[in-house]
Amino acid sequence: MEVILQNLTKRFPSRNKKHEDVIAVNDFSFRIPDGELIGLLGPSGCGKSTTLNLISGLLQPTSGKIFFGEDDVTELPPEHRGIGLVFQNYALYPHLTVKQNILFPLQNLKGKDKLSKEEMLERAYEAAGLVQIGELMDRKPGELSGGQQQRVAIARALVKMPRVLLLDEPLSNLDARLRLQTREEIRRIQRETKITTIFVTHDQEEAMSISDRIVVMKEGIVQQIGKPQEVYDNPDNLFVARFLGTPPINVLEGRVKDKQLFIGQEAVLAVDGVADQEVYVGIRPEGFRLQEDGPLTCVLSRVEVMGRDSSVVFTHEASLNPTVRSVLSTDAGVDFRVEHPEKAEGTKIRFALVPRKVMLFHKKTEERIAATIQSF
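The structure displayed is predicted, hence computed values, not measured ones.

Criteria and thresholds
Residues numbered from 1 in each chain as written. Predicted model: local features only at pLDDT ≥ 70, side-chain atom pairs only at ≥ 80, totals over all residues. Heavy atoms only, no water. Pairing = 2+ DSSP bridges. Helix = DSSP H or I, 4+ residues; strand = E, 2+ residues; numbered from the N terminus. Contact = heavy atoms within 4.5 Å. Axes fitted to C-alpha atoms, helices over the stretch in contact; angles between N-to-C directions. Phe/Tyr/Trp six-rings, centres within 6.5 Å; stacked < 30°, edge-to-face > 60°. Buried < 20%, exposed > 50% of the residue type's maximum accessible area, 1.4 Å probe, protein only.

Participant: I keep staring at the sheet that holds strand S4 (residues 63-68) and nothing clicks. Help me out?
Facilitator: Within a beta sheet, neighbouring strands are joined by backbone hydrogen bonds and run either parallel or antiparallel to one another. The strand order S2-S1-S4-S5 describes an open sheet built from four strands, whose pairing is antiparallel. For this open sheet the edge positions go to strand S2 (22-32) and strand S5 (71-72), each flanked by a neighbour on one side alone. The pairing of strand S1 (residues 3-12) with S2 spans seven bridges and is classified as antiparallel. Looking across to S2, one finds that Val3 is bridged to Ile32. Of the strands in this sheet, S1, S2 and S4 touch helix H1 (residues 48-56), which is tilted by about 115° from S1.

Here it is in structure tokens:
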């Protein structure tokens, strides 16, 4: 089912008459193709859950329209929209078994949608099989792990055969290993059912790993929409660049002069197509290469070995943060504690920069500056 949002706005009146109304969603327009999984991503308070509640019908927009296919559902009650909704806290009935929890939405169907007991049971077991909990049907929620409870919640949402599946931070209550496993299950289920799915999360790793496209929001305003890797590689502004990536992007003050990018007093890269100006320089952690004669000189803080990768943490006077973090392959020989015991905290180290991992942003607007960046 295609979902279309047209100039969707939600304004909450301020409790204090002296303050302006709070605009939770601001003029949001977006077309979600049939069968896609879309991640709504952003920090707390950015409007992503409000957007989901508007799509579900739990909230009414201040202005704008919502379409499911050709149908205008803006004024339609939630129960008539054909949605499946999964919450962060599972919202299971503790006194009912798994089977009864899954059957519950079907038992409330009326009129032409009403099903026989046999049909309801068949649908319930199909949904349970889809999320692989068929053997748990006679247990109660208290007897299940967090991951199993979340699967029950998903099965309950799927059993109605919804036109649109809405997931509101469904993995937040799970530990790291279960979160990874469950997000893989969500992606598998979505691909098998081909249900248009909207997934709300503040965790950029979750959104990037399972979404066909992501929508990055800030203060109710859409910042960028695109495929996860495209948004990561080509952020429209500094906010998006900072929000995506683990570890986060390093931001330093720099300047462009005579077609060269300077960080501090050192010319580190060649830049074409940019007028001389002060800039913010964003460097992804994987954008550093240890090089004895590299153009960027930094002061070593420590090395953190993480198995496959090593994280070299250092300082630079131009950095906006106290430290700068690079991620290098352990094979690169960056464990100074072992291979170079004479090198310690405070030692100067030099880096070359990978041009495609370096981005320039306007100092005032923080918008991305289009530039051709190359090594010398």
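Participant: Explain the packing of aromatic side chains to me, please; I cannot follow it from the model alone.
Facilitator: Note on aromatic pairs: each is described by the distance of the centres and the angle between the planes. Inspection of every chain in the model, using the stated rule, returns six aromatic pairs. Arranged with centres 5.3 Å apart and planes meeting at 70°, the rings of Phe288 and Phe351 form a pair that is edge-to-face. Separated by 63 residues along the polypeptide, Phe288 in strand S15 (residues 288-290) and Phe351 in strand S19 (residues 348-353) bring together distant segments of the chain. The pair formed by Phe288 and Phe351 is uniform in burial state, with each residue classed as buried. Aromatic ring contacts, followed pair by pair, group Phe288, Phe314 and Phe351 into a single cluster.

Participant: I keep staring at unusual backbone geometry and nothing clicks. Help me out?
Facilitator: Excluding glycine, residues mostly carry a negative phi; peptide bonds, for their part, are mostly trans. Following Thr246, the chain continues into Pro247 via a peptide bond in cis, with omega recorded as -5°. Along the chain, the position of Pro247 falls in the loop between helix H8 (238-243) and strand S11 (250-257). In this structure, Gln132 is a non-glycine residue whose phi angle is positive, near 60°. Inspection of the secondary structure puts Gln132 in the loop between helix H3 (117-130) and helix H4 (146-158).

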